[in-house]
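Structural features, examined
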Amino acid sequence: MSYHIYSFEKLEVYQLARKFRVEIREIVKGFPREEQFELTSQLKRATDSIATNLAEGSGRSSNLDQAHFTNIACSSALETIDHLTTALDLDFISEEIYVSKRLKLDEIINKLNALYRFQLNNKNTLKKRF
């Protein structure tokens, strides 16, 4: 039995966001227990939102709608930077981990920006349904 692969699943930025989400989940396991419903939750949700918004946006019929969700994904990546900075400031993560994750986020954000520009500039405003 095989299943359909949707367009968002083929995007390199989506694949990077999926991997990044797993990496963040490993990191937050080391956060203090009292942060479970605070920074841990916020960091996981912001990171999840990157890939989730790419998936949701791919179901929209116009490029402008798709671009809107790509923009939200980018905003979630920026939010993730702030949460990682907080984790660094509170000594929950090392400078080495912070820099490593920031570099990965920079790559994701650059790819999201490129996708956003493509979606806005694409003359075909309606896409075919699945």
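Residues numbered from 1 in each chain as written. Predicted model: local features only at pLDDT ≥ 70, side-chain atom pairs only at ≥ 80, totals over all residues. Heavy atoms only, no water.

Of the regular secondary structure elements, the chain holds 5 helices and 0 strands. Counting helices and strands in the order they occur from the N terminus, the chain gives α-α-α-α-α. Counting only C-alpha atoms and orienting by the principal axes, one finds that the chain spans roughly 50 × 35 × 20 Å. Across the 130 residues in the chain, those meeting the buried criterion constitute 37%. Within the chain, residue pairs in contact and separated by at least 24 positions form 74% of the contacts whose partners lie at least 6 positions apart. Of the accessible surface of the chain, which amounts to about 8,100 Å², a share of 51% is contributed by carbon and sulfur atoms. Side chains of the chain give 19 positive and 18 negative charges; the mean places of these two sets differ by 12 Å. (Helix = DSSP H or I, 4+ residues; strand = E, 2+ residues; numbered from the N terminus. Buried < 20%, exposed > 50% of the residue type's maximum accessible area, 1.4 Å probe, protein only. Contact = heavy atoms within 4.5 Å. Areas by Shrake-Rupley, 256 points an atom, 1.4 Å probe, with all protein chains shown as cover. Lys, Arg positive; Asp, Glu negative; His and termini not counted. Charge placed at Lys NZ, Arg CZ, Asp CG, Glu CD.)

With 28 residues, the main nonpolar core has Phe31, Ile50, Leu84, Ile93 and Leu112 as its most contacted residues. Broken down by secondary-structure element, the contributors of at least two residues to this core are α2 (12-28), α3 (39-58), α4 (63-89) and α5 (95-121). Not counting the four nearest positions on each side in its chain, Phe31 is found in contact with Leu39, Thr40, Leu43, Ala87, Phe92 and Ile93. (Core = buried A, V, L, I, M, F, W, Y, C linked by side-chain atoms within 4.5 Å.)

Moving on: α5. In this model α5 runs 38 Å from its N-terminal to its C-terminal C-alpha over 27 residues, within 8% of the 39 Å that 1.5 Å per residue would give. Listed in full, the buried residues belonging to α5 are Tyr98, Lys101, Leu105, Ile108, Ile109, Leu112, Leu115 and Gln119. (Expected span 1.5 Å × (residues − 1).)

With that settled, consider the pattern of salt bridges. Under the definition given, this model contains 6 salt bridges. A salt bridge links Lys101 to Glu23, with the shortest nitrogen-to-oxygen separation between them at 2.8 Å. One end of the pair, Lys101, is in helix α5; the other, Glu23, is in helix α2, and 78 residues separate them in sequence. The exposure class assigned to Lys101 is buried, which follows from its relative accessible area of 9%. We note a salt bridge from Arg25 to Asp48, for which the minimum N-O separation is 3.1 Å. With a gap of 23 residues between them, Arg25 in helix α2 and Asp48 in helix α3 connect regions that are remote in the sequence. What you see here is one network of salt bridges that share partners, running through Glu23, Lys101 and Lys104. (Salt bridge = Lys/Arg side-chain N within 4 Å of Asp/Glu carboxyl O.)

Quick look at a negative patch on the surface now. Taken together, the side chains of Glu79, Asp82, Asp89 and Asp91 make up a negatively charged region of the molecular surface. By secondary structure assignment, the location of Glu79 is in helix α4. (Patch = residues over 30% accessible without salt bridge, like charges linked within 9 Å, V, L, I, M, F, W, Y side chains within 5 Å.)

Here the focus is the packing of aromatic side chains. What the rule picks out here adds up to 3 aromatic pairs. Consider the rings of Tyr6 and Phe8, whose centres lie 6.5 Å apart with planes at 10°: the pair is stacked. Taking relative accessible area as the criterion, Tyr6 reaches 32% and is therefore assigned partly exposed. Judged by its relative accessible area of 13%, Phe8 falls in the buried class. Ring geometry for Phe31 and Phe92: centres 5.3 Å apart, planes at 45°, overall tilted. Linking Phe31 in the loop between α2 and α3 with Phe92 in the loop between α4 and α5, this pair joins segments that are 61 residues apart in sequence. (Phe/Tyr/Trp six-rings, centres within 6.5 Å; stacked < 30°, edge-to-face > 60°.)

None of this, on its own, says anything about what the molecule does.
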